[in-house]
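Coordinates in review
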Amino acid sequence: MPIFEYQCPQCGFVNEVLVPTANVSAPACPKCGQADTHKRFSSFAAVVKNPAAGDSKCHTCPSAGGCPHSHA
Ligand SMILES: [Zn+2]
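On a predicted model such as this, the values are computed, not experimentally measured, just so you know.

1. Considerations on the overall build of the chain
Secondary structure assignment for the chain yields one helix and three strands. Burial statistics for the chain: of 72 residues in total, 6% are counted as buried.

2. Considering the pairing of strand β1 (residues 3-7)
In terms of strand pairing, β1 meets strand β2 (residues 14-18) through five bridges, oriented antiparallel. Considered in β2, the bridge of Phe4 is made with Val17. Hairpin connection of β1 to β2: six residues between the antiparallel strands, including Gly12 at a positive phi of 85 degrees.

3. Let's talk about the environment of Gln34
When you line up the elements, Gln34 lands in the loop between β2 and β3 (38-41). A sequence separation of 24 residues divides Gln34 from Gln10, and the C-alpha atoms of the two residues are 6.8 Å apart. The contact partners of Gln34, leaving out residues within four places of it in the chain, are Cys8, Pro9, Gln10, Ala28 and Cys29.

4. Section: the confidence of the model for the chain
Mean pLDDT over the chain stands at 73; residues scoring 70 or higher make up 49%. When pLDDT is averaged over each element of the chain, β2 comes out on top at 88 and helix α1 (residues 43-49) at the bottom at 49.

Criteria and cut-off values
Residues numbered from 1 in each chain as written. Predicted model: local features only at pLDDT ≥ 70, side-chain atom pairs only at ≥ 80, totals over all residues. Helix = DSSP H or I, 4+ residues; strand = E, 2+ residues; numbered from the N terminus. Buried ≥ 20, exposed ≤ 12 C-beta atoms within 10 Å, placed from the backbone. Pairing = 2+ DSSP bridges. Contact = placed C-beta atoms within 7 Å. pLDDT = per-residue confidence, 0-100.

As structure tokens, then:
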């Protein structure tokens with residue numbers, strides 16, 4: 001069952017919600033009552049986006065130091 005995070009644009013509170021389907025409407029902010037919360041994907045999706053994070057070695061050129069590629 002996926003976990004979605006809904007961030008309140010008004011107070012910034014992040015509400016983690018277990019949802020049985022992806023077709024539920026966003027819940028109102030439990031802190032301030034703002035109904036228009038923004039859905040974000042939960043942390044498990046954020047982990048997948050860059051598995052090489054923290055690896056400073058360049059994957060394009062073989063030399064680790066002084067390569068011309070941007071590592072940002
Ligand atoms: Zn709020």
